[in-house]
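Residue-level structure breakdown
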Amino acid sequence: MRNKFYEIMWTIFRPIVLLFHPIDVKGLENIPDEPILLCANHSSNWDPVLMVAALSKCTKLRIMAKEQLFRIPVVKSFVSKMGAFPVNRGHSDIAAVKTSIQCLRSGFHLLVFPEGTRVKNPGKAPVKGGVAMIAIRSGVKMLPVFIGTTKKLFQHVPVIFGKPYTPVYTGRKGTAEEYQSNADEIMRQAYELGGIS
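An account of the accompanying structure is given in this report. This one's a predicted model, so the numbers in the text were calculated from it and none came from an experiment.

The rules we used
- Residues numbered from 1 in each chain as written.
- Predicted model: local features only at pLDDT ≥ 70, side-chain atom pairs only at ≥ 80, totals over all residues.
- Heavy atoms only, no water.
- Pairing = 2+ DSSP bridges.
- Helix = DSSP H or I, 4+ residues; strand = E, 2+ residues; numbered from the N terminus.
- Buried < 20%, exposed > 50% of the residue type's maximum accessible area, 1.4 Å probe, protein only.
- Contact = heavy atoms within 4.5 Å.
- Lys, Arg positive; Asp, Glu negative; His and termini not counted.
- Salt bridge = Lys/Arg side-chain N within 4 Å of Asp/Glu carboxyl O.
- Polar contact = N/O pair within 3.5 Å; in protein donor to acceptor, adjacent residues only side chain to side chain.
- Core = buried A, V, L, I, M, F, W, Y, C linked by side-chain atoms within 4.5 Å.
- Patch = residues over 30% accessible without salt bridge, like charges linked within 9 Å, V, L, I, M, F, W, Y side chains within 5 Å.
- Areas by Shrake-Rupley, 256 points an atom, 1.4 Å probe, with all protein chains shown as cover.
- Charge placed at Lys NZ, Arg CZ, Asp CG, Glu CD.

**Notes on the pairing of strand β3 (residues 61-66)**
- Examined bridge by bridge, β3 and strand β5 (residues 109-112) share three bridges and lie parallel to one another. Bridge pairing in β5 links R62 to L110.
- Direction of pairing for β3 relative to strand β4 (residues 84-87): parallel, over a ladder of four bridges. If you follow A65 over to β4, its bridge partner there is P86.

Here it is as C-alpha cells:
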C-alpha cells in the first residue's frame, strides 16, 4: 500500500517548498491511525502542496483534485502518481464519490477541499454537502484543517489540524440536509482553528 513515488517526491521537494513557504504545523497528534477525511479550507494553489509537506512521508494519502489538472498530460501523470484523482466541480461527479469511498475503505486518508474552489473571502463560500456524504457512506470521521490564507515568500504559514468530528445523521445513510449540515459544521471548525468565525 506504500506509494514509493510519493515518498521520493516528498523527500526531494519538501525542503524546497519549506524554503519558500515555511509552515508552522500544529495538531498532527489529532490525526488517527485509521482512515479519515481531511477537510481543509482553500485559498491558494499552494494549499495541497503545503498539506503534503505538513504530513509524514509515510502518510497513506489520496487527494481529490480539480479535473483541469488532468487535462495536461505531464501534470496528469505526476499528480496521479502522487495519489490524486479528478473531480468535476461543476456537477455531481459520481465517479469521484465512488473513488473517494473506495480510497477510505482501502485504508487511505483522503484530502478534500469542501468549498470546492479557492476562496478569497474566508468562510463566505458555500460548502459542498457531498464531502459529508462521503464520510458517512465510508464510515469514517472528518477532521478539520486550517491552512493560513496569507502566503508570501519566506513568511510562515500555519497548518492546524483539529480534532476528529463524527458526522451526525439519522437512518443508515443520512439525508441531503444532514450532509449539508455536517459539511457546514466541519468548515466552521476548520475556520475556527484559524480564528475566523
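**Topic: helix α5 (residues 130-138)**
- By the criterion of burial, α5 is predominantly enclosed, with seven of the nine residues buried.
- Listed in full, the buried residues belonging to α5 are V131, A132, M133, I134, A135, I136 and S138.
- In this structure, the buried residues of α5 make contact with β2 (36-40), β3, α4 (94-105), β5, β6 (141-147) and α6 (176-193).

**What to know about the side chain of D93**
- Mapped onto the elements of the fold, D93 is located in the loop between β4 and α4.
- Buried charge without a salt bridge: D93, with K98 as the nearest opposite-charge side chain at an N-O distance of 9.5 Å.
- A polar contact is formed between the side chain of D93 and the backbone nitrogen of A95, at a distance of 3.3 Å.

**Quick word on the pattern of salt bridges**
- Scanning the entire structure with this criterion turns up five salt bridges.
- Residues R188 and E185 are paired through a salt bridge, measuring 2.9 Å at the closest nitrogen-oxygen approach. In this pair, R188 and E185 are both assigned in helix α6, three residues apart and thus about one turn of the helix distant.
- The network of salt bridges with shared partners includes E185, R188 and E192.

**Comments concerning the nonpolar core**
- In terms of nonpolar packing, the biggest core is built from 32 residues, with L37, L110, V112, I134 and M142 touching the most fellow members.
- At the level of secondary structure, the elements contributing two or more residues to this core comprise β2, β4, α4, β5, α5, β6 and α6.
- Discounting chain neighbours no more than four positions away, the residues touching I134 are M64, V97, S100, I101, L104 and L110.
- Counting 30 residues, the second-largest nonpolar core is a separate cluster that includes A65, V157, V159 and F161.

**A word on a positive patch on the surface**
- On the surface, R89, R118, K120 and K128 cluster together into a positively charged patch.
- Relative to the elements of secondary structure, R118 occurs in the loop between β5 and α5.

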